[in-house]
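Residue-level listing of the chains:
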Amino acid sequence: MSVAENLRPSGAAEASVLIDGATYDLPIRKGTIGPDVIDINSLYQDTGCFTYDPGFTSTASCESKITFIDGDEGILLYRGYPIDQLAEYGSFVETCYLLLYGELPTREQYKAFDSRIVKHTMVHEQMTRFYTGFRRDAHPMAVMVGVVGALSAFYHDSIDIKDPEQRDIASIRMIAKMPTIAAMAYKYSIGQPFVYPRNELTYSANFLHMCFAVPCEEYKVDPVLARAMDRIFILHADHEQNASTSTVRLAGSSGANPFACISAGIACLWGPAHGGANEAALMMLQQIGSVDRIPEFIKRAKDKSDPFRLMGFGHRVYKNYDPRAKIMQKTCHEVLDAVGLGNDPILQVALELERIALSDDYFIQKKLYPNIDFYSGITLKALGFPTDMFTVLFAIARTVGWIAQWKEMIEDPMHRIGRPRQLYTGATERAYVATEAR
Ligand code: SDX
């Protein structure tokens, strides 16, 4: 079989597939930027063959206008705007508007959107009962999967996902309530009372207040830390068709309500190869402990017989520096300086590990660079969060990406239930054998 690109008389590009002497022409579709795609919609019907791509390394699962990544150039765009400009000049709520509706908001649009989010930050008082069903030492991601999924029970009968109005209110509710649900998970884990949202605080300041305030005294949020939290949320907001976003799209393709889909996304994000890497990266840095032990771990990372990997390094798409990691490193320094941990030994280990890895042929040849998770763990620890809350913070930020991608899919008139096929290598048909004859 060979695939050749040629031009149809109409000038449209197409690929030709040669199977057992027969040629099949497949249209090539071009995006505004990024790789072209070979449209294989008719392949099985025409040839009786499937394509085979288990990790989806060469497969576009959908058409999207939301986020674009150029892994070789280290570029990340949200609706065309570079991530470094949004992180530098924008806010997370503004980024939510951009991801959901496609354009940066005017002043009036921003005020109206922000006010809608503020008005939905509380959760039904009955939801507090869910928390008491968990052990205090339950991993907060397990709590998030359960409590967010339970939102379906509070809103399921009022969500007709075919109604744009109700899709919009579900989106606002999800973005608004995730910080509250996350802060409640944290408070429950440390045995402190829940703190209600404060409408006069900004989104990120409100989250920090709900996590760190106690009823006995006034808690003033440090504006430097609130700004850092907001920037961390912007960096994590969306990232094309990553594992958890693909999970949300696949769950949503069956018509499941958005709360259940987001709960599925949270479950997928929990994995250490995905959103759990920030927790794993900090634990790795703590395990290394000091700069003189770095060579031992670099050696292990290269040893094929050793399952150890440098957590926070490598990426399926970025084969250059993850643009978010650069901004994360800058934020890390700002936060450590603000809390007086500028000389934190863990940061010294991270900086030296990065320096050594980036000059090591193994990592250069395999194009393994620090990703967003390499510095986020150190930063979140300095903000006062325990390691098991790191992926929860990732989930708060990524909720707007999941919801924007879910909305885009539902609003695509061509969308249908996702149902991949397989390469079957199991037993061929055989007759049942009675127990005594086995
Ligand atoms: C996120 O998809 C997204 O966009 C995700 C994300 C998002 O915003 O949604 O960006 C968030 O998940 C970032 C990634 C966080 N994960 C980690 O930091 C965990 C450590 N990284 C690896 O597990 C790995 O790099 C992945 C999972 C991120 C990518 O895996 P791939 O693309 O399947 O690459 P691979 O596992 O096939 O690795 C290619 C080679 C292998 O060697 P060979 O088999 O070719 O000899 O590189 C090696 C791997 O052994 N390798 C590493 C390594 N990562 C890959 N070796 C040592 N340390 C590592 N971290």
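The coordinates are above.
Computed from a prediction, not measured in an experiment: that's the story for all the values here. (Residues numbered from 1 in each chain as written. Predicted model: local features only at pLDDT ≥ 70, side-chain atom pairs only at ≥ 80, totals over all residues. Heavy atoms only, no water.)

## Comments concerning the sheet that holds strand 5 (residues 67-70)
- Read from one edge of the open sheet, 3 strands run 5-6-7, paired in antiparallel fashion. In this open sheet, the two edge strands, each paired with only one partner strand, are strand 5 and strand 7 (81-82).
- Of the strand pairs in this sheet, strand 5 and strand 6 (residues 75-78) are connected by 4 bridges, and their pairing is antiparallel. Across the sheet, Asp70 pairs through a bridge with Ile75, a residue of strand 6. (Pairing = 2+ DSSP bridges. Helix = DSSP H or I, 4+ residues; strand = E, 2+ residues; numbered from the N terminus.)

## As for the site of the ligand
- Taken together, 24 residues sit near the ligand, with His239, His315, Arg316, Arg324 and Arg398 positioned nearest.
- With respect to the ligand, the side chain of Arg398 contributes an N or O atom lying 2.8 Å from an oxygen atom.
- Surface burial for the ligand is 77%, taken as the share of its 1000 Å² of free accessible area covered by protein chains. (Near = heavy atom within 4 Å. Polar contact = N/O pair within 3.5 Å; in protein donor to acceptor, adjacent residues only side chain to side chain. Areas by Shrake-Rupley, 256 points an atom, 1.4 Å probe, with all protein chains shown as cover.)

## A few points about the pairing of strand 6
- Connecting the antiparallel pair strand 5 and strand 6 is a turn made up of 4 residues, with Gly74 showing a positive phi of about 65 degrees.
- Here strand 6 pairs with strand 7 via 2 bridges, running antiparallel. Residue pairing across strands places Tyr78 opposite Tyr81, the latter belonging to strand 7.
- Between strand 6 and strand 7, which pair antiparallel one after the other, the connecting turn spans 2 residues, and Arg79 there sits at a positive phi close to 50 degrees.

## A word on the packing of helix 12 (residues 277-288) against helix 17 (residues 372-382)
- At a minimum axis distance of 8 Å, the contact between helix 12 and helix 17 shows a crossing angle of 80 degrees. Relative to helix 17, helix 12 is oriented roughly perpendicular. Facing Ala277, Asn278, Ala281, Leu282, Met284, Leu285 and Gln286 of helix 12, the residues of helix 17 in contact are Asp373, Phe374, Ser376, Gly377, Ile378 and Lys381.
- Taken together, the residues that form the contact of helix 12 with helix 17 break down as 7 nonpolar, 4 polar and 2 charged. (Axes fitted to C-alpha atoms, helices over the stretch in contact; angles between N-to-C directions. Parallel < 35°, antiparallel > 145°, perpendicular 65-115°, else oblique. Contact = heavy atoms within 4.5 Å. Nonpolar A, V, L, I, M, F, W, Y, C, P; charged D, E, K, R; others polar.)

## Notes on helix 10 (residues 243-252)
- Residues Ser244, Thr245, Val248, Arg249 and Gly252 constitute the buried set of helix 10. Angular distribution of buried residues about the axis of helix 10 spans 140 degrees; they occupy a single face of the element.
- Buried residues in helix 10 make contact with helix 11 (258-269) and helix 18 (390-410). (Buried < 20%, exposed > 50% of the residue type's maximum accessible area, 1.4 Å probe, protein only. Arc of directions from axis to C-beta.)

## Some words on the pairing of strand 3 (residues 22-29)
- Pairing of strand 2 (residues 13-19) with strand 3 involves 6 bridges; the strand directions are antiparallel. Bridge pairing in strand 3 places Glu14 opposite Pro27.
- Of the strand pairs in this sheet, strand 3 and strand 4 (residues 37-38) are connected by 2 bridges, and their pairing is antiparallel. Bridged to Arg29 within strand 4 is Val37.

In short, shape yes, function no, at least from these values alone.
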